[in-house]
Amino acid sequence: MAGNSQLTVAAHALTWIELHRRIGDGNATSEGIAGSVNTNPVVIRRLLGRMREAGLVHSRRGAEAGWVLARPLADITLRDVYEAIEPPPLFAMHRSDPNLGCPVGSGIQPAMRPVYARIEEAVRTELDRITLADVLRDVLASR
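Residues numbered from 1 in each chain as written. Predicted model: local features only at pLDDT ≥ 70, side-chain atom pairs only at ≥ 80, totals over all residues. Heavy atoms only, no water.

Engineer: Looking at this structure, how should I read the nonpolar core?
Structural biologist: Nonpolar side chains in soluble globular proteins generally cluster together in the buried interior. Counting residues in each nonpolar core, the largest one holds 30 residues, and the members touching the most others are Leu-14, Ile-17, Ile-33, Leu-48, Met-51 and Leu-132. At the level of secondary structure, the elements contributing two or more residues to this core comprise helix H1 (6-22), helix H2 (30-37), helix H3 (41-53), strand E2 (66-69), helix H4 (78-85) and helix H6 (132-141). The leading source of residues in this core is H1, at 7 residues. (Core = buried A, V, L, I, M, F, W, Y, C linked by side-chain atoms within 4.5 Å. Buried < 20%, exposed > 50% of the residue type's maximum accessible area, 1.4 Å probe, protein only. Helix = DSSP H or I, 4+ residues; strand = E, 2+ residues; numbered from the N terminus.)

Now the structure itself:
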């Protein structure tokens, strides 16, 4: 089972925008971010578009075209990013209804829903503890 990399790519993009700003290397473009992530700029634009809707970034057009953070990295948590990109739930129920005539089929979803809800809340709580400033600090320390 493959993991979802959207949170990692989104955190990468946002920390890249901030580092790019700090070193004064011009505008943070989708192409520049995509080069760092090693993906297509369209992937970056889609992710940044969702983060713009959530108020995490702004885009500029014209001669100063590019992406800027809407607030400091220290004020953006991984939970903010996670919720902005709206990944699917970590765990899901059956794609089609199980056999409700079976004792397990009729009881599995009511048994699993609260478990999944607790797991999802634990993930959100942990993500809320980590800011993108923490991520950038750790990125720079690992070099």
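Engineer: So what exactly am I meant to see when it comes to the packing of aromatic side chains here?
Structural biologist: Centre distance and the angle of the planes are the two values used to describe a pair of aromatic rings. By the definition in use, this model includes 1 aromatic pair. Between Phe-91 and Tyr-116, the aromatic rings sit 5.0 Å apart at their centres with planes inclined by 20 degrees, giving stacked as the arrangement. Here Phe-91 is found in the loop between H4 and helix H5 (103-128), whereas its partner Tyr-116 is found in helix H5, with 25 residues between them in sequence. (Phe/Tyr/Trp six-rings, centres within 6.5 Å; stacked < 30°, edge-to-face > 60°.)

Engineer: In this structure, what is going on with unusual backbone geometry? I would like to understand it.
Structural biologist: A negative phi angle characterises most non-glycine residues, just as the trans form characterises most peptide bonds. Within the chain, Asn-38 stands out as a residue other than glycine whose phi angle is a positive 70 degrees. Take Asn-38: it is sitting in the loop between H2 and H3.

Engineer: Explain the confidence of the model for the protein chain to me, please; I cannot follow it from the model alone.
Structural biologist: Residues shown with low pLDDT carry predicted positions that ought not to be read at fine detail. Of the residues in the protein chain, 98% have a pLDDT of 70 or more, and the chain-wide mean is 93. Ranking the helices and strands of the protein chain by mean pLDDT puts H6 first, with 97, and strand E1 (residues 57-60) last, with 93. (pLDDT = per-residue confidence, 0-100.)

Engineer: Even after reading the chapter, I still don't get the environment of Ser-30, so can you show me in this structure?
Structural biologist: Structurally, the position occupied by Ser-30 is in helix H2. By relative accessible area, Ser-30 is classed as buried at 5%. Through-space distance from the C-alpha of Ser-30 to that of Ile-44 is 6.0 Å; in sequence the pair is 14 residues apart. Discounting chain neighbours no more than four positions away, the residues touching Ser-30 are Pro-41, Ile-44, Arg-45 and Trp-67. A distance of 3.0 Å separates the side chain of Ser-30 from the side chain of Trp-67, its partner in a polar contact. (Contact = heavy atoms within 4.5 Å. Polar contact = N/O pair within 3.5 Å; in protein donor to acceptor, adjacent residues only side chain to side chain.)

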